[in-house]
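Letter by letter, the chains look like this.
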Amino acid sequence: MDARYIEQLVREVLKQMGNVAGGENTPAEEAGTQAGKTGCDLDPGKDYPLAEKRPELIRTATGKKLQDLTIENVLNGKITPQDVRITADALLMQARIAEACGRKQLAQNFRRAAELTGVPDERILEIYNALRPYRSTKAELLAIADELEHKYGARINAAFVREAADVYERRGRLRSA
């Protein structure tokens, strides 16, 4: 395969990733004239999808521009795995767009994800397993919540884990000490 073809394919995938919204219309189409009413600095009608319409706003975790993510740069080693990880900033922009479109839950999910970009992958997997029913005591879950809040600044996720601890306690889903 020709490198230009692969690069075009990658750009199409990125473009499509920006268009996943559920339903038949994109958030930009659904937002219509809602932009400007939200006080948001992004206009869903003209800025979505970000990768296509506002690529200058998107940076990698290492500060590279979206236009720097080319097959040529991957092949010559200028792009690392860290460069293709999503950043908290990109997720927060997506949250603002989702909120402007009236998708509050989706916006909240983006904000939770943005917080988790600062947590090491291995720790996220450990927390995921700890949140499964009967895997943790309430004290262990509360310790995880404290860690998320104080070590990583992930207040939304900490509140989520505390809520899970309370729900598990009410439903008898905690591990016995």
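It should be noted that the structure appears before, not after, this text.
Note that residues are indexed from 1 along each chain, following the sequence as it is written. Side-chain atom pairs in this predicted model are given and counted only at pLDDT of 80 or more, local residue features only at pLDDT of at least 70, and totals for whole chains, interfaces and linings cover all residues. To get the side-chain values, take all heavy atoms of the structure and skip hydrogens and water.

Participant: Is there a simple way to think about the packing of helix α8 (residues 121-130) against helix α9 (residues 138-152) in this case?
Facilitator: Two elements in contact, α8 and α9, have axes separated by 11 Å at closest approach and are oriented at 150°. As summarised for this structure, α8 and α9 are arranged roughly antiparallel, according to the angle between their axes. Along this stretch, α8 crosses α9, giving a crossing that reads as left-handed. Contacts between α8 and α9 involve Arg123, Ile127 and Ala130 from the first element and Leu141, Ile144, Glu147, Leu148 and Tyr152 from the second. All axes here are fitted lines through C-alpha atoms, helices being fitted over the stretch that makes contact, and every angle between N-to-C directions spans 0 to 180 degrees. Only DSSP runs of H or I covering at least 4 residues are called helices, and only runs of E covering at least 2 are called strands; the numbering of each starts at the N terminus. Orientation labels follow simple angle bins: below 35 degrees gives roughly parallel, above 145 gives roughly antiparallel, 65 to 115 gives roughly perpendicular, and whatever is left gives oblique. Take the far helix as your reference; a near helix turned counterclockwise from it by less than a right angle gives a left-handed crossing, and one turned clockwise gives a right-handed crossing. Residues count as neighbours in contact if any of their non-hydrogen atoms are within 4.5 Å of one another.

Participant: In this structure, what is going on with the side chain of Asn157? I would like to understand it.
Facilitator: Tracing the chain through its elements places Asn157 in helix α10 (residues 155-171). Taking relative accessible area as the criterion, Asn157 reaches 7% and is therefore assigned buried. Contacts described as polar in this section are N or O atom pairs within 3.5 Å, which, within protein, must combine one atom able to donate a hydrogen with one able to accept it, while residues neighboring in sequence count only if both atoms come from side chains. A polar contact of 3.0 Å, which involves the side chain of Asn157, links it to the backbone oxygen of Arg112. Those residues within four positions of Asn157 in sequence are excluded, and the remaining contacts are Arg112, Glu115, Leu116 and Leu148. Partly exposed describes any residue whose relative accessible area lies between the buried limit of under 20% and the exposed limit of over 50%, with all areas from a 1.4 Å probe on protein chains only and scaled to the type maximum.

Participant: In this structure, what is going on with the packing of helix α6 (residues 88-100) against helix α7 (residues 104-116)? I would like to understand it.
Facilitator: Axes are the key here: two packed helices are described by the angle between their axes and the distance separating the axes. Close contact between α6 and α7 brings their axes to 8 Å; oriented N to C, the two are set at 170°. In terms of orientation, α6 lies roughly antiparallel with respect to α7. On α7, the residues touching Ala88, Leu91, Leu92, Gln94, Ala95, Ala98 and Glu99 of α6 are Leu106, Ala107, Phe110, Arg111, Ala113 and Ala114. Per-class residue counts for the contact of α6 with α7 are 10 nonpolar, one polar and two charged. Under this grouping Gly is polar, as are all residues other than the nonpolar Ala, Val, Leu, Ile, Met, Phe, Trp, Tyr, Cys and Pro and the charged Asp, Glu, Lys and Arg.

Participant: Just checking my understanding: could you explain the pattern of salt bridges for this structure?
Facilitator: Pairs can form between side chains of opposite charge whenever their charged atoms are close. The term salt bridge refers to a side-chain nitrogen of Lys or Arg lying within 4 Å of a carboxyl oxygen of Asp or Glu. Here the structure, examined in full by the defined rule, presents 11 salt bridges. A salt bridge links Arg162 to Glu149; the nearest nitrogen and oxygen atoms lie 2.8 Å apart. In this pair, Arg162 sits in helix α10 while Glu149 sits in helix α9, placing the two residues 13 residues apart along the sequence. We classify Arg162 as partly exposed; its relative accessible area is 25%. A residue is classified by how much of its surface remains accessible, and Glu149, at 25% relative accessible area, is partly exposed. Overlapping salt bridges, with partners in common, bring together Arg123, Glu126 and Glu147 in one network.

Shape is all these values report; function is a separate question.
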